Amino acid sequence: MNRQFLLNARPVGDIQYSDFELAETQTPTPGDGEVLIQVLYLAVEPAMRGWMENRADYVAPLELGDIMRGYGTGRIIESNNSDYPVGTHVSGSFGWQEFLVSDGNNVPLQRVADDIDLPAAMGLLGVTGLTAYFGLNDIGQPQAGDTILVSGAAGATGSVVVQLARIAGCRVIGMAGSQEKCDWVTDELGAQACINYREDDVKAEVKRLCPDGINIYYDNVGGEILDIALANIATNARVVICGGISRYNLTGEIPGPKNYFNLVFRRARMEGFIVGDYASRFGEAIGVISDHLRDGSIKHHETILEGFDKMPDALMGLFSGTNMGKQLVHVSD
């Protein structure tokens, strides 16, 4: 049987187990030109909250009763397509299920190189790494000597941004929610400092660590942290709006940033983006990050839950900050 998680209800406030339905159906059989994929790992993303609410207009609607949308890696176990022989590892938008069929086009498939392990493929070479690469390089435009502040620096995207910015010669200041995470950001990822936003005086620490202002702010959280960063930007700063996890579970009116007018005073720029808009350049990003991975200049770390039934726990854990690096679920060996 093929187990699937379906969207059962639109979330209100915090995501609940009741928002999902665990269903079983027959494992599909591949037709002409198709392959059968056994899913090995699935990833969760903060953006899934918007997909569940059907308020993300950059993707197709997710209706009640649909299979939860999600990115995964798997192994081809049956093949009627000579381009994808049995044993090939592939990644793509597989959804929250254990098996699926594809002809390589209806569900576009990306081959996973033999020397890249699957968890790395899910994070560094998946949506996470692509988001970090294009947000930092195309919008942040890092220059050697720039001071960059990265919120959510111990998360999936933030941890990659920290390392890419370090490689670019930036002075990197991270921000995370525990001392353990901050130690990882500085000791393992190479940031010059990391602010513990749960314990430190964030306003004071940003001023102390960025005395000449912030040249690049890579925002993964929104809310009060965004306001503090805007109050401390340097002239001609670039503010990259990647995510806003602090606001995803809020209900009612969402407050906007109070310090946005500092963009005028500092002749700065604040810009959001959707990584899918860079699809034609994904190969470029994967090539660069793969080279960094092979030469050891970028490290990867995953928080992995065991078992397909843990998919809701994995997603809910993102919003309580339980993960370091990419949050994955190990579905099958």
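Whatever comes next refers back to the structure up there.
Remember, predicted model here, so these are calculated numbers, not experimental data. (Residues numbered from 1 in each chain as written. Predicted model: local features only at pLDDT ≥ 70, side-chain atom pairs only at ≥ 80, totals over all residues. Heavy atoms only, no water.)

Quick notes on the sheet that holds strand β11 (residues 214-219)
Strands sit in the order β10-β9-β8-β11-β12-β13 across an open sheet of six strands; the sheet is parallel. On the outer flanks of this sheet lie β10 (193-196) and β13 (269-272), each paired with one strand and no other. Across the sheet, the mean angle from the axis of one strand to that of its neighbour is 15°, orientation sign disregarded. One ladder, built from four bridges, connects strand β8 (residues 147-150) with strand β9 (residues 171-176); its direction is parallel. Across the sheet, the residue bridging to valine 150 is glycine 174, located in β9. (Pairing = 2+ DSSP bridges. Helix = DSSP H or I, 4+ residues; strand = E, 2+ residues; numbered from the N terminus. Axes fitted to C-alpha atoms, helices over the stretch in contact; angles between N-to-C directions.)

Details of the nonpolar core
By size, the foremost hydrophobic cluster in this structure holds 49 residues, and its most contacted members are Ile148, Val150, Val172 and Val185. The contacts of valine 185, once residues within four sequence positions are left out, are Ala153, Ala154, Gly174, Gly190, Ala191 and Cys194. By size, the runner-up hydrophobic cluster in this structure holds 31 residues, among which are Ile15, Ile37, Met68 and Phe94. (Core = buried A, V, L, I, M, F, W, Y, C linked by side-chain atoms within 4.5 Å. Buried < 20%, exposed > 50% of the residue type's maximum accessible area, 1.4 Å probe, protein only. Contact = heavy atoms within 4.5 Å.)

Quick notes on helix α6 (residues 202-209)
Taken residue by residue, α6 has Val202, Glu205, Val206 and Leu209 as its buried positions. Along the axis of α6, the buried residues cluster in a sector spanning 100°; they form a single face. Of the residues in α6, the exposed ones pointing more than 90 degrees away from the buried face are Lys203, Lys207 and Arg208. Taken together, the buried residues of α6 touch β8, β9, β10, β11 and α7 (223-230). (Arc of directions from axis to C-beta.)

So, α7
For an α-helix, 3.6 residues make a turn, and residues three or four places apart therefore share a direction. Where burial is concerned, most of α7 is hidden: six out of the eight residues are buried. Turning to α7, its buried residues are Ile225, Leu226, Asp227, Ile228, Ala229 and Leu230.

Let's talk about the environment of leucine 136
Mapped onto the secondary structure, leucine 136 falls in helix α3 (residues 127-140). The class of leucine 136 is buried, set by a relative accessible area of 0%. Measuring from C-alpha to C-alpha, the distance between leucine 136 and serine 79 comes to 39 Å, with 57 residues separating the pair along the chain. Leave out the neighbours within four places in its chain, and leucine 136 touches Gln141, Pro142, Ile148, Val161, Leu164, Ala165 and Tyr218.

A closer look at the packing of aromatic side chains
Between two aromatic rings, the relevant description is the distance of the centres plus the angle of the planes. According to the stated counting rule, one finds ten aromatic pairs in the structure shown. Between phenylalanine 5 and tryptophan 96, the aromatic rings sit 6.0 Å apart at their centres with planes inclined by 85°, giving edge-to-face as the arrangement. Note that phenylalanine 5 is positioned in strand β1 (residues 2-7) and tryptophan 96 in the loop between β5 (89-92) and β6 (99-102), a separation of 91 residues in sequence. Their ring planes at 90° and their centres at 6.0 Å tell us that tyrosine 260 and phenylalanine 261 sit as a pair that is edge-to-face. Over the ring of tryptophan 51 we find arginine 69; its NZ or CZ atom is 5.6 Å from the centre of that ring. (Phe/Tyr/Trp six-rings, centres within 6.5 Å; stacked < 30°, edge-to-face > 60°. Lys NZ or Arg CZ within 6 Å of the ring centre and 35° of its normal.)

Quick look at the state of the cysteines
Scanning all chains against the criterion turns up zero disulfides. Of all cysteine sulfurs in the structure, the one in cysteine 170 sits closest to cysteine 242, which takes part in no disulfide; the separation is 16 Å. (Disulfide = S-S within 2.5 Å.)

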